[in-house]
Amino acid sequence: MTRNSIRAWYLVHKWTSLVCTLFLLMLCLTGLPLIFHDEIDVLTEGPPQVGMPGVGSSSDTPGLLPLDTMLKIAIAERPGEVAAFMAFDNDGPLMTVTTAPRPDSPSAQMTVLVLDRSTGKLVSQADESGVMHFLLQLHTDMFLGLPGMLFLGFMGLLFTAAIVSGVVLYAPFMRKIAFGTLRTSRSTRLKWLDYHNLLGVAALAWTLVVGLTGVVNTLATPINRVWQSRELAAMTGAYAGKPALERSRYVSLDKAMAQARKALPGTSPQFIGFPGGAFSSKHHYAVFLQGDTPLTQRLLTPALIDAETGTFTDARPMPWYNQALALSQPLHFGDYGGLPLKILWAVLDLFTIVILGSGLYLWLGKRKTSVEAHVREVETGGTAGAPS
Amino acid sequence: MKRPKQSLRQVFAVPVVLAVLSLFGLIAALTGDGLRDGLSWLALGAPVLAVVWAMRFRRS
């Protein structure tokens, strides 16, 4: 590698890292407790007491209450509001009903009620004031809504560029050094330089995957908007000119669900979008169904059921961009392989914190040194160049 | 500590193995439960073990 190309990659690495490091540190620190979100909830609130443990609220097992009943219970809790979404679980009888003044109200005005479908009891009203919720908001959009989300997505892209340029610089740096070398006793700078390189290259695949899937997740809102304007509009084209359906004429939810199950056998519902909401037309219940294998479970197919007649209108698999988003979620959260996977996620997250911290230290320590000296440092594997 | 210059292939031999194992681990758990989860833990554990090994045996 020529000195000029090392110099160019060094500058790319320096500037992309500098811009994103503080945001990435925030993301790693807030992300760490979020990995264990479910475990922390159970520890602080205790395991929920349910009527029929192990029976998924998404199933049609006898003994589970009708969806119409569940809807009535939820609306009785929030008089004057309407349902926007209803969501199900495959592993237990709990389900949620999201209510709001209107089906298309902004999410800040929505209330999520957790109900037990086997007893009809209200379990809790999802808490939006807790520490975990605060961390999640900070991690997702820094309380700035869509612009904040997209900004963090851009930071994720810079992080990716920093990783790639870091790998390029790893080559000249390691030319005379064996993998895993940690020169901890010569100077503090050399010690952190070696740790930075070792951790960076060891965690490479994980940081790239979690970084890039994080970027895809920041695009959730635009991705869903494209789906609404293209796919949803095409599926409900015949209804385009009709006025919104009166709520009093809505057909039974259970009837609609039965139609959706009949149209797509071998699936189970993940959530229902109510008429007039962002995920349906003004005339349809949109029943989003998931497959029954671990992989197809992630890929949803919406079945649109006419909310006035209860007949099936159309079902189309989500397009590739929604499927990419659906697969990006588990790959970013690390919640798809049991507790050991979460622990590995946490360890690799800690590695990333050390990579970011040591990078910052290496920059702070030698800010006044010339670029040439830094290039020498890379060329010689840290033994010459920036004097320590 | 002085060693002859390594080729690009030598420099990236271990990192490439770790990256391939990591990617395999990330995908394995996504495609199923049980055995696939176990394989995923082992494979994604490789980069962590590599760092532990370096801290134990490669410090100087």
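Not measured: the values here are computed from a predicted model. (Residues numbered from 1 in each chain as written. Chains lettered and ligands numbered in written order. Predicted model: local features only at pLDDT ≥ 70, side-chain atom pairs only at ≥ 80, totals over all residues.)

Topic: the overall build of chain A
Working step 1: The helix and strand inventory of chain A stands at 12 helices and 8 strands.
Working step 2: Each of the three principal axes of chain A carries a C-alpha extent, and together these read 80 × 45 × 35 Å.
Working step 3: Per-residue burial for chain A yields a buried fraction of 36% across its 388 residues.
Working step 4: Here the analysis covers contacts within chain A between residues at least 6 apart in sequence; of these, 66% occur between residues at least 24 apart. (Helix = DSSP H or I, 4+ residues; strand = E, 2+ residues; numbered from the N terminus. Buried ≥ 20, exposed ≤ 12 C-beta atoms within 10 Å, placed from the backbone. Contact = placed C-beta atoms within 7 Å.)

As for the environment of Met149(A)
All names here are of chain A.
Working step 1: With respect to the helices and strands, the residue Met149 is situated in helix α5 (residues 145-174).
Working step 2: Separated by 212 residues in the primary sequence, Met149 and Tyr361 place their C-alpha atoms 28 Å from one another.
Working step 3: Ignoring sequence-local partners within four residues, the contact set of Met149 consists of Thr140, Asp141, Thr218 and Thr221.

Let's talk about the interface of chain A and chain B
Working step 1: Listed as interface residues are 33 residues of chain A and, on the opposing side, 32 residues of chain B.
Working step 2: Those elements that place two or more of their residues in the side of chain A that touches chain B are α5, α6 (188-202), α7 (204-218), α10 (320-333) and α11 (338-365) of chain A.

Thoughts on the sheet that holds strand β7 (residues 300-306) of chain A
Residue and element names in this part refer to chain A.
Working step 1: The 8 strands are arranged β4-β3-β2-β1-β5-β6-β7-β8 in an open sheet whose pairing can be described as antiparallel. In this open sheet, the two edge strands, each paired with only one partner strand, are β4 (122-125) and β8 (312-315). Ignoring strand direction, the axes of neighbouring strands in this sheet form an average angle of 25°.
Working step 2: For strand β6 (residues 284-290) and β7, the ladder comprises 7 bridges, and the chain directions are antiparallel. Paired with Ala286 across the strands is Leu304, a residue of β7.
Working step 3: Sheet contacts for helix α9 (residues 253-263): β5 (268-273), β6, β7 and β8; angle to β6, the most-contacted strand, approximately 45°. (Pairing = 2+ DSSP bridges. Axes fitted to C-alpha atoms, helices over the stretch in contact; angles between N-to-C directions.)

Let's talk about unusual backbone geometry
Residue and element names in this part refer to chain A.
Working step 1: Of note, the phi angle at Met142 is positive, near 55°, even though the residue is not glycine.
Working step 2: Structurally, Met142 can be placed in the loop between α4 (131-141) and α5.
Working step 3: For Met142, a count of 17 C-beta atoms within 10 Å gives the class partly exposed.

What about the pairing of β4(A)?
Residue and element names in this part refer to chain A.
Working step 1: Across 3 bridges, the pairing between strand β3 (residues 111-116) and β4 is antiparallel. Each bridged residue has a counterpart across the sheet, and for Leu113 the counterpart in β4 is Gln125.
Working step 2: If you look at the hairpin formed by β3 and β4, you'll find 5 residues sitting between the two strands, and Gly120 has a positive phi there, around 80°.

A short note on the nonpolar core
Working step 1: Counting residues in each nonpolar core, the largest one holds 51 residues, and the members touching the most others are Leu24(A), Leu198(A), Leu199(A), Ala202(A), Ala203(A), Leu204(A) and Val51(B).
Working step 2: Of all the secondary structure elements, the ones that give two or more residues to this core are α1 (3-35), α5, α6, α7, α11 and α12 (371-379) of chain A together with α1 (8-28) and α2 (35-57) of chain B.
Working step 3: Here this core gets 9 residues from one element, more than from any other, and that element is α5(A).
Working step 4: Counting 35 residues, the second largest nonpolar core, distinct from the first, contains Val97(A), Phe274(A), Tyr285(A) and Leu289(A). (Core = buried A, V, L, I, M, F, W, Y, C linked by C-beta atoms within 7 Å.)

As for the environment of Thr313(A)
All names here are of chain A.
Working step 1: By secondary structure assignment, the location of Thr313 is in strand β8.
Working step 2: Accessibility expressed as a C-beta count within 10 Å gives 21 for Thr313, which makes it buried.
Working step 3: Each C-alpha atom, one on Thr313 and one on Pro294, is 28 Å from the other, the two residues being 19 residues apart in sequence.

A look at α11(A)
Working step 1: Counted at 1.5 Å a residue, the expected span for α11(A) with its 28 residues is 40 Å, and the 41 Å between its end C-alpha atoms agrees.
Working step 2: Those residues of α11(A) not exposed but buried are Leu341(A), Leu344(A), Trp345(A), Leu348(A), Asp349(A), Phe351(A), Thr352(A), Ile355(A), Leu356(A), Ser358(A) and Gly359(A).
Working step 3: As for α11(A), its buried residues are in contact with α1, α6 and α7 of chain A together with α2 of chain B. (Expected span 1.5 Å × (residues − 1).)

Considerations on the confidence of the model for chain B
Working step 1: Taken over all residues, the pLDDT of chain B has a mean of 93, while the share at 70 or more is 95%.
Working step 2: Model confidence for the complex is summarised by a pTM of 0.91, with the ipTM given as 0.95. (pLDDT = per-residue confidence, 0-100.)

Considerations on the packing of α11(A) against α2(B)
Working step 1: At a minimum axis distance of 10 Å, the contact between α11(A) and α2(B) shows a crossing angle of 25°. Considering their axes alone, α11(A) and α2(B) lie roughly parallel with respect to each other. Taken as a pair, α11(A) and α2(B) cross one another with a handedness that is left-handed. Side by side, α11(A) and α2(B) meet where Gly338(A), Pro340(A), Leu341(A), Leu344(A), Val347(A) and Phe351(A) of the first sit next to Asp37(B), Ser40(B), Trp41(B), Leu44(B), Gly45(B), Val48(B) and Val51(B) of the second.
Working step 2: Along the lines of polarity and charge, the residues of the contact of α11(A) with α2(B) split into 9 nonpolar, 3 polar and 1 charged. (Parallel < 35°, antiparallel > 145°, perpendicular 65-115°, else oblique. Left-handed = near helix turned anticlockwise from the far one by under 90°. Nonpolar A, V, L, I, M, F, W, Y, C, P; charged D, E, K, R; others polar.)

Concerning the confidence of the model for chain A
Working step 1: Looking at chain A, pLDDT values average 94 and 99% of them are 70 or higher.
Working step 2: For chain A, the element scoring lowest by mean pLDDT is β4(A), at 86; α7(A) scores highest, at 98.

Brief notes about α2(B)
Working step 1: The end-to-end C-alpha separation of α2(B) is 31 Å, in line with the 33 Å expected for 23 residues at 1.5 Å each.
Working step 2: The axis of α2(B) is deflected most strongly, by about 40°, at Ala46(B), and proline Pro47(B) appears within four residues downstream.
Working step 3: Regarding α2(B), the residues found buried are Ser40(B), Ala43(B), Leu44(B), Pro47(B), Val48(B), Ala50(B), Val51(B) and Ala54(B).
Working step 4: For α2(B), the elements touching its buried residues are α6, α7 and α11 of chain A together with α1 of chain B. (Bend = angle between axes of the 7 residues up to and from the residue.)

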